[in-house]
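A look at the structure
The lines below spell out each chain.
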Amino acid sequence: MTTELKESLIQHFNTLEKTPSSALLVDTRKEAISAFQELGFPTTKHEEWKYTNLKNTIAKTYAIESAATFSAEDIKTLTALPIDCYKVIFVNGIFSPSLSTIDAAGVTIEPFQTSNQEVVKNYFAKNLPYNDSMVALNVAFATAGTLIHVKAKQHVAKPIVCFYLSDVRSANVFAQPSVLVVVEEAASATVVELNRSLGSNTAFTNAFTHAILKKEAYLEQYKIQNDIDNSNFVHNSQIVHEGKSNSYTTTITLNGGLVRNNLNITLGAEHCEAYLNGLYLEKGAQHVDNHTLVDHAMPNCYSNELYKGILDGKSTGVFNGKIWVRKDAQKTNAFQSNKNILLSKEASVHTKPQLEIFADDVKCSHGATTGQLDPEAMFYLRARGVGEDKAKKMLVHAIAFDVLDKVKHDELRAYLEQEIEERLK
Amino acid sequence: MLSIKNLHARIEEKEILRGINLEVKAGEVHAIMGPNGSGKSTLASVLAGRSDYEVTSGSVTLNGKDLLDLSPEDRAREGVFLAFQYPIEIPGVSTINFMKTAVNEIREYRGQETMDAVSFLKLMKEKMKLVEIDESLLKRALNEGFSGGEKKRNEIFQMAMLEPSLAILDETDSGLDIDALRIVANGVNKLKTPNNATIVVTHYQRLLDYIIPDFVHVLYKGRIVKSGTKELALELEEKGYDWIKAEADAQTV
Ligand SMILES: Nc1ncnc2c1ncn2[C@@H]1O[C@H](COP(=O)(O)OP(=O)(O)OP(=O)(O)O)[C@@H](O)[C@H]1O
Ligand SMILES: [Mg+2]
């Protein structure tokens, strides 16, 4: 029943409030739990959740913030990545400093509890409108999060990779990793987020990543979702450009169960640039929902969004791309494109661009298409002796690589290429 | 080698091929001419296996094998090659990349060993020279941003790579400048052996100065209404199609 998980979470909150760790972000969290209590889990009656139904996911019984039982070997396997990187490891939603490599130069990676309280308090979940209860739910329990603080003028070359691990070998696990990324003035960093589960029970992860970009900051974010079929993943991502800064966000979904990405970007200073790229390759009964919002709050900003989906089997997809151009945001340039290819008759996708423009001197464009693989291209390749199956793969590949091409980090791109290659086999 | 008997084909209720008969023997070059819309490209597409067209009656065999029964890829593997009148662009797929797959799938079909990267490269270099095409072009997405002439040259390059037993060139000459025309025609001539055959679809005599046909056929309203030798092409160049149309229309009335 939908109320059960909700009730047990609220109960859990009340129990936690009696523990010493509860002092952290207490006001923020209390506000968040009341918002969640009032709103409850989103249902399909909610406009933004019309096509994504959490009902079956929340009907299950979960261990909440259960203790880790991973062996060192398990961790090694789960966090294997052929990339020279800093590893930030969460187990069942809880940041584990001892498992993580946190001796990075130019950046501090610390648990909320011991990090600079001022920074955490000043930025985490600050001024968030809780119109989506999933964010509120994460924030309410955000005592075991981590602060990734990139110091002014520092360029952190190695990607900082957050692993959201779930141990679902003996029970269903509900996990809520929380991350605050602050990129100080003239600093740059690359943050990767990967969710991986071990076991055959259900993983339900509700992650929240809040990123703040100061003047001249640059942040590249990659969300790589290639987990087990039983992994249901809600990722709330808030990027706030406080000063003139650039962000580059890529969301790639290759496997999982139900996946919902909320990516909200606020361009809160003049001359900001935001790039949003996405790729979802779906098969079987997968469901992937990408909701994006680019809020052009200030003049002279640029945003460019490209999402591509390829859906096979009975999979379903949702793309909802909002662009707000506020009254003062003159000289806005905002572009958006969503292209979907359906490989099977049972696959379907709902795509909806939503532009709300209140300024008059702006350049905006958007386009959404859904279709099949180009039959002319198929015929061309087949007429040269390439079999139907291989021809299909080539074309799918080409579409996927169009997005991959935009991945700037070489090792990461090579890794993704390999994962996609594997996925298309 | 190729035997087309009483071939009828239609698209969306519209009958376009209305009884084509054509015999092509190994070592021969046949030219097919005819006014716009007469069905030349349709014939080429039907031979290559485009599924938009429905064959309503007739038969096509290649070396005794029923072609109409085969998928487009199997026709290619049996040795059919169609150089498209309008080669399409395929973003994200380079010529080199898909040629490697094509060559090896064809070899596999024929029970030959697949080609390793080194031998493939060697073959490619050799064929590139033949049609004087630049490697950088082949590394780019197929035909994307290619000039009209480059697209046509790329078609002939692929033909050279695949060494078909039956090549059908659909207006490969259109859009080529004089030098390119000579290069493409040269390529086609060099690929000619006593064991393969070529069908060239063209509107212009100038191509036939380079690729000398053994036979010339005129297609009109879905039928071959006149066949002759290379002199027929010269006659058409001089007199146009009206006299043939008149002859043919008189017969069908
Ligand atoms: N997809 C289609 N739907 C409807 N009619 C078609 C289709 N494809 C071809 N046709 C029609 O079939 C007829 C023959 O076309 P085809 O392309 O074979 O002519 P062609 O002889 O190659 O002409 P051209 O010299 O202009 O290249 C034309 O009348 C054309 O409009
Ligand atoms: Mg034609």
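Residues numbered from 1 in each chain as written. Chains lettered and ligands numbered in written order. Predicted model: local features only at pLDDT ≥ 70, side-chain atom pairs only at ≥ 80, totals over all residues. Heavy atoms only, no water.

Comments concerning the coordination of the magnesium ion (ligand 2)
Residues and elements named next belong to chain B. Here is the rule we go by: Coordinating N, O and S atoms are those within 2.8 Å of the metal (3.2 Å for Na, K and Ca), and as water is not part of the atoms, a site may appear to have fewer donors than expected. Starting at the N terminus, helices and strands are each numbered in turn, a helix being any DSSP run of H or I of at least four residues and a strand any DSSP run of E of at least two. The buried label goes to any residue with under 20% of its type's maximum accessible area, the exposed label to any with over 50%, and the partly exposed label to all in between, with areas taken from a 1.4 Å probe on protein chains only.
The magnesium ion (ligand 2) binds to the protein through Ser41 (OG) and Gln85 (OE1), with metal-donor distances spanning 1.9 to 2.2 Å. Of the two residues, Ser41 is situated in helix α1 (residues 40-48) and Gln85 in the loop between β6 (80-83) and β7 (90-94); the sequence distance between them amounts to 44 residues. A relative accessible area of 26% means that Ser41 is categorised as partly exposed. The class for Gln85 is buried, based on a relative accessible area of 14%.

Remarks on helix α3 (residues 95-109) of chain B
Counting along an α-helix, one turn takes 3.6 residues, and residues three or four places apart therefore face a common direction. Residues and elements named next belong to chain B. How we decide: Working rule for helices: expected span equals 1.5 Å times residues minus one.
An ideal rise of 1.5 Å per residue puts 21 Å on 15 residues; α3 measures up with 21 Å between its terminal C-alpha atoms. Every buried residue belonging to α3 is among Thr95, Ile96, Phe98, Met99, Thr101, Ala102, Val103, Asn104, Glu105 and Ile106, and all of these are buried. Of the residues flanking the end of α3, it is Gly111, one or two places downstream, whose phi is positive at about 75 degrees.

Points about unusual backbone geometry
Notably, Lys153(A) is not glycine yet its phi reads approximately 65 degrees, a positive angle. Its place among the elements puts Lys153(A) in the loop between β5 (146-150) and β6 (160-168). Look at Asn6(B): it is not a glycine, yet its phi comes out positive at around 45 degrees. Mapped onto the secondary structure, Asn6(B) falls in strand β1 (residues 2-11). Judged by relative accessible area, which is 39%, Asn6(B) ranks as partly exposed.

Let's talk about the site of ligand 1
Residues and elements named next belong to chain B. What counts is decided by this rule: Neighbouring residues are identified by heavy atoms, a residue being near a molecule or strand if any of them is within 4 Å of it. Any pair of nitrogen or oxygen atoms within 3.5 Å is treated as a polar contact; in protein, a donor-acceptor pairing is required on top of that, and neighbouring residues in sequence qualify only through side-chain atoms on both sides. Using a 1.4 Å probe, the Shrake-Rupley method yields the accessible areas, and only the shown protein chains count as cover for residues. When residues are sorted by character, Ala, Val, Leu, Ile, Met, Phe, Trp, Tyr, Cys and Pro go into the nonpolar class, Asp, Glu, Lys and Arg into the charged class, and all the rest, Gly among them, into the polar class.
Around ligand 1, the structure places 16 residues, and the nearest of them are Gly37, Lys40, Ser41, Thr42 and His203. For ligand 1, an oxygen atom lies 2.9 Å from a polar atom in the backbone of Gly37. Thr42 places a polar side-chain atom, nitrogen or oxygen, 2.5 Å from an oxygen atom of ligand 1. Taken by itself ligand 1 offers 640 Å² of open surface, and the protein chains cover 67% of this. When residues of the shell around ligand 1 are traced back to their parent elements, those giving at least two are β2 (14-24) and α1. Its residues placed into classes, the shell around ligand 1 shows four nonpolar, eight polar and four charged.

Quick notes on the pairing of strand β18 (residues 316-325) of chain A
Within a regular strand, the side chains alternate between the two sheet faces. Residues and elements named next belong to chain A. Applicable threshold: Should DSSP find at least two bridges between two strands, the strands are regarded as paired.
The element β18 is extensively covered by neighbouring structure, given that eight of its ten residues are classed as buried. Bridging between strand β16 (residues 287-296) and β18 involves ten bridges; their strand directions are parallel. What sits directly across from Asp289, in β18, is Val318.

Quick word on the layout of surface pockets
This is how the line gets drawn: Within this scheme a cavity is a closed region of a 1 Å grid, computed over the protein atoms alone, that accommodates a 1.4 Å probe without allowing it to escape, whereas a pocket is open but has protein on both sides within 12 Å along at least five of seven lines; lining residues each have an atom within 4 Å of a point. Grid points are joined across faces, edges and corners, and a volume is the space filled by probe spheres set on the points.
Counted as a void, the largest pocket has a volume near 1,000 Å³. In this structure, the largest pocket is lined by 37 residues; those nearest its centre are Met394(A), Leu395(A), His397(A), Ala398(A) and Val93(B). Only β17 (302-311), β19 (332-342), α8 (388-404) and α9 (410-424) of chain A together with β7 and α3 of chain B provide two or more residues apiece to the lining of the largest pocket. Among the elements that make up the lining of the largest pocket, the one with the highest residue count is α8(A) (ten residues). The calculated volume of the second largest pocket comes to roughly 690 Å³. Forming the walls of the second largest pocket are 32 residues, and the residues nearest its centre are Pro129(A), Asn131(A), Gln238(A), Asn264(A) and Leu293(A). Mapped onto the lining of the second largest pocket, the elements with two or more residues apiece are α5 (117-123), β10 (203-213), β12 (231-241), β14 (258-267), β16 and β18 of chain A. In terms of residue count, the dominant contributor to the lining of the second largest pocket is β14(A) (five residues). In terms of residue class, the lining of the second largest pocket is made up of ten nonpolar, 14 polar and eight charged.

Points about the confidence of the model for chain B
Our working rule: A residue's pLDDT is the predictor's confidence in that residue, given on a scale from 0 to 100.
Per-chain confidence: chain B averages 93 in pLDDT, with 99% of residues scoring 70 or above. Mean pLDDT in chain B bottoms out at helix α10 (residues 242-252) of chain B, which sits at 85, and peaks at helix α2 (residues 72-77) of chain B, which reaches 97.

With respect to the packing of α3(B) against helix α6 (residues 148-162) of chain B
Axes are the key here: two packed helices are described by the angle between their axes and the distance separating the axes. All names here are of chain B. For the record, the criterion: Axis lines are fitted to C-alpha atoms, over the contacting stretch for helices. Their N-to-C directions set the angle, which ranges from 0 to 180 degrees. Under this scheme an angle from 65 to 115 degrees is roughly perpendicular, one under 35 degrees roughly parallel, and one over 145 degrees roughly antiparallel; angles in between are oblique. Take the far helix as your reference; a near helix turned counterclockwise from it by less than a right angle gives a left-handed crossing, and one turned clockwise gives a right-handed crossing. In this analysis, two residues are considered to be in contact whenever any of their non-hydrogen atoms come within 4.5 Å of each other.
Following both chains from N to C, one finds α3 and α6 inclined at 30 degrees, their axes separated by 10 Å at the closest point. Considering the angle they form, α3 stands roughly parallel to α6. Here α3 and α6 pass one another in a crossing that is right-handed. Residue-level inspection shows Thr95, Phe98, Met99, Ala102, Val103 and Ile106 of α3 in contact with α6, the latter providing Asn154, Phe157, Gln158, Met161 and Leu162. Residue classes in the contact of α3 with α6 are distributed as eight nonpolar, three polar and no charged.

Overview of the sheet that holds strand β12 (residues 223-228) of chain B
Residues and elements named next belong to chain B. Strands sit in the order β6-β9-β10-β3-β11-β12 across an open sheet of six strands; the sheet is mixed. Sheet topology places β6 and β12 at the edges, where each strand pairs with a single neighbour. Averaged over all pairs of adjacent strands, the angle between strand axes in this sheet comes to 20 degrees, irrespective of strand direction. As paired strands, β6 and strand β9 (residues 166-170) are joined by four bridges and run parallel to one another.

A few points about the pattern of salt bridges
Put simply, the test is: What counts as a salt bridge is simple: a side-chain nitrogen of Lys or Arg found within 4 Å of a carboxyl oxygen of Asp or Glu.
On inspection of all chains with the given rule, the structure shows 33 salt bridges over all chains. In this structure, Arg182(B) engages Asp179(B) in a salt bridge whose closest nitrogen and oxygen atoms are separated by 2.8 Å. Linking Arg182(B) with Asp179(B), this pair stays in helix α7 (residues 178-191), spanning three residues, or about one helical turn. Judged by relative accessible area, which is 46%, Asp179(B) ranks as partly exposed. Linked by salt bridges that have partners in common, Lys390(A), Asp74(B), Arg77(B) and Glu105(B) make up one network.

Focus: the domain arrangement of chain A
All names here are of chain A. Worth spelling out the cut-off: Here the limits of each domain have been adopted from an automatic or database domain assignment. As a working definition, buried area equals the accessible area (1.4 Å probe) given up by two parts on being put together, with both sides summed.
Each assigned domain of chain A is listed here: domain 1 (2-269) and domain 2 (374-425). The centre of domain 1, based on its C-alpha atoms, is set 31 Å off from the matching centre of domain 2. Counting the surface domain 1 buries against domain 2, the share from its top three residues, Ile83, Tyr222 and Leu254, is 34%. The tally of links between domain 1 and domain 2 comes to zero salt bridges. Along the contact surface separating domain 1 from domain 2 lie five residue pairs in polar contact (both at pLDDT 80 or more).

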